[in-house]
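A look at the structure
The primary structure of each chain is shown beneath.
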Amino acid sequence: MNKKYDYKKMRRSVMKIAKDACYSPKNKFTETVWDYHILPVVDHSINLGKRLKADLEILELSALLHDHACLVDKKLYESHHAHSADMAEKILIKLDCPRDKINHIKECILSHRGSVKKRKKSLEAKILASADAMSHITELADMFYLTYGVHEYKTREGAEWLKDKIQRSWDKVISEGKKMIKNDYKLIMGIINQALNKQPRG
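Here's what I pulled together on the structure shown here. (Residues numbered from 1 in each chain as written. Predicted model: local features only at pLDDT ≥ 70, side-chain atom pairs only at ≥ 80, totals over all residues. Heavy atoms only, no water.)

Here's the deal with the packing of helix α7 (residues 123–138) against helix α9 (residues 155–172)
The test is simple: Only the stretch in contact is used when a helix axis is fitted, and all axes are lines through C-alpha atoms; the angle between N-to-C directions ranges over 0 to 180 degrees. Here a helix means four or more residues in a row that DSSP labels H or I, a strand means two or more in a row labelled E, and each is numbered from the N terminus. In this scheme the crossing of two helices becomes right-handed for a clockwise turn of the near helix relative to the far one and left-handed for an anticlockwise turn of less than a right angle. Here, two residues are considered to be in contact whenever any of their heavy atoms come within 4.5 Å of each other.
It is at 8 Å that the axes of α7 and α9 come closest, and there the two elements cross at 145°. Between α7 and α9 lies a crossing of left-handed hand. Only K165, I166, S169, W170 and K172 of α9 make contact with α7, whose side of the interface consists of A129, S130, D132, A133, H136 and I137.

Next comes the structure, spelled out in structure tokens:
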């Protein structure tokens, strides 16, 4: 064990780094991503981790840094899972995080995206991917902001895009996570379907 390893101190440092990235003017998702995505992913990760007896330190640090690259540079979005893993490694090395933990965190971040098919080698990786997807479903207001504010879709095309994203997110969630958010899933899909089922008048 690295004698310098102090999780509470490291957590504070990583929390500040992650929050600063969210509030950076380079973050195209704007500062709302901190309260409505990063912190919910942390919460879902910890809650699932406690239920499934996973490593909570790995989960918390992975959740805080899983989207780091696309928050500090919007050009990195398409491959942000890979860039975020590399950035997490550099951040954690400077904070004297043990190498085995760094490798585990990198693995979780590399495989967290639903749109990138990469085998999840650990329980923590499966939990992070689920927590990321769960936040898309539980943070209804922010998903509408992402759809119509950030991406600037019109009403119907936005509803179609959002329905596809929510369904993909739901399919990505492990069974224990689905139990936790099934009511949120039914609510958001009901609202979206109501918009899509609306017949034009005129």
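Structure's up, so let's keep going.
As for unusual backbone geometry
Most of the time, phi is negative for any residue but glycine, and the peptide bond is trans. Counted only if it meets this: Residue burial is assigned from relative accessible area. The probe radius is 1.4 Å, only protein chains are included, and a residue is buried under 20% of its type maximum, exposed over 50%, and partly exposed in between.
For T30, which is not glycine, the phi torsion reads 70° and is therefore positive. Looking at the element boundaries, T30 is found in the loop between α1 (7–22) and α2 (32–52). The partly exposed category is assigned to T30, whose relative accessible area is 23%. Residue E152 is not a glycine yet carries a positive backbone phi of 60°. Tracing the chain through its elements places E152 in the loop between α8 (140–150) and α9.

Here we look at the packing of α8 against α9
As a reminder, the rule being used: Oblique is the label for every angle not falling under 35 degrees (roughly parallel), over 145 degrees (roughly antiparallel), or within 65 to 115 degrees (roughly perpendicular). Note that Gly is not counted as nonpolar here; it falls among the polar residues with everything else outside the nonpolar set of Ala, Val, Leu, Ile, Met, Phe, Trp, Tyr, Cys and Pro and the charged set of Asp, Glu, Lys and Arg.
The interhelical angle for the contact between α8 and α9, taken along N-to-C directions, is 130°, at an axis separation of 10 Å. Considered as vectors, α8 and α9 are oriented oblique to each other. Crossing geometry of α8 relative to α9 is assigned as right-handed. Between α8, through M143, F144, L146, T147 and Y148, and α9, the contact on the second element is made entirely by T155, G158, A159, W161, L162 and K165. Considering only residue class, the contact of α8 with α9 consists of seven nonpolar, three polar and one charged.

Some thoughts on the nonpolar core
Definition in use: In these notes, a set of buried Ala, Val, Leu, Ile, Met, Phe, Trp, Tyr and Cys residues joined through side-chain atoms within 4.5 Å is what counts as a nonpolar core.
Of all hydrophobic cores here, the largest spans 54 residues; its most connected members are L64, L92, I166 and I192. Those residues within four positions of I192 in sequence are excluded, and the remaining contacts are A159, L162, K163 and I166.

Let's talk about the pattern of salt bridges
For the record, the criterion: What counts as a salt bridge is simple: a side-chain nitrogen of Lys or Arg found within 4 Å of a carboxyl oxygen of Asp or Glu.
In this structure the tally under the stated criterion is eleven salt bridges. In this structure, E160 and R156 form a salt bridge, with 3.6 Å as the shortest nitrogen-oxygen distance. With E160 and R156 both in helix α9 and four residues apart, this pair spans about one turn of that helix. On the basis of relative accessibility, which here comes to 43%, the residue E160 falls in the partly exposed class. Overall, R156 belongs to the partly exposed group, its relative accessible area being 42%. Members of the salt-bridge network, linked through shared partners, are R51, E176 and K179.

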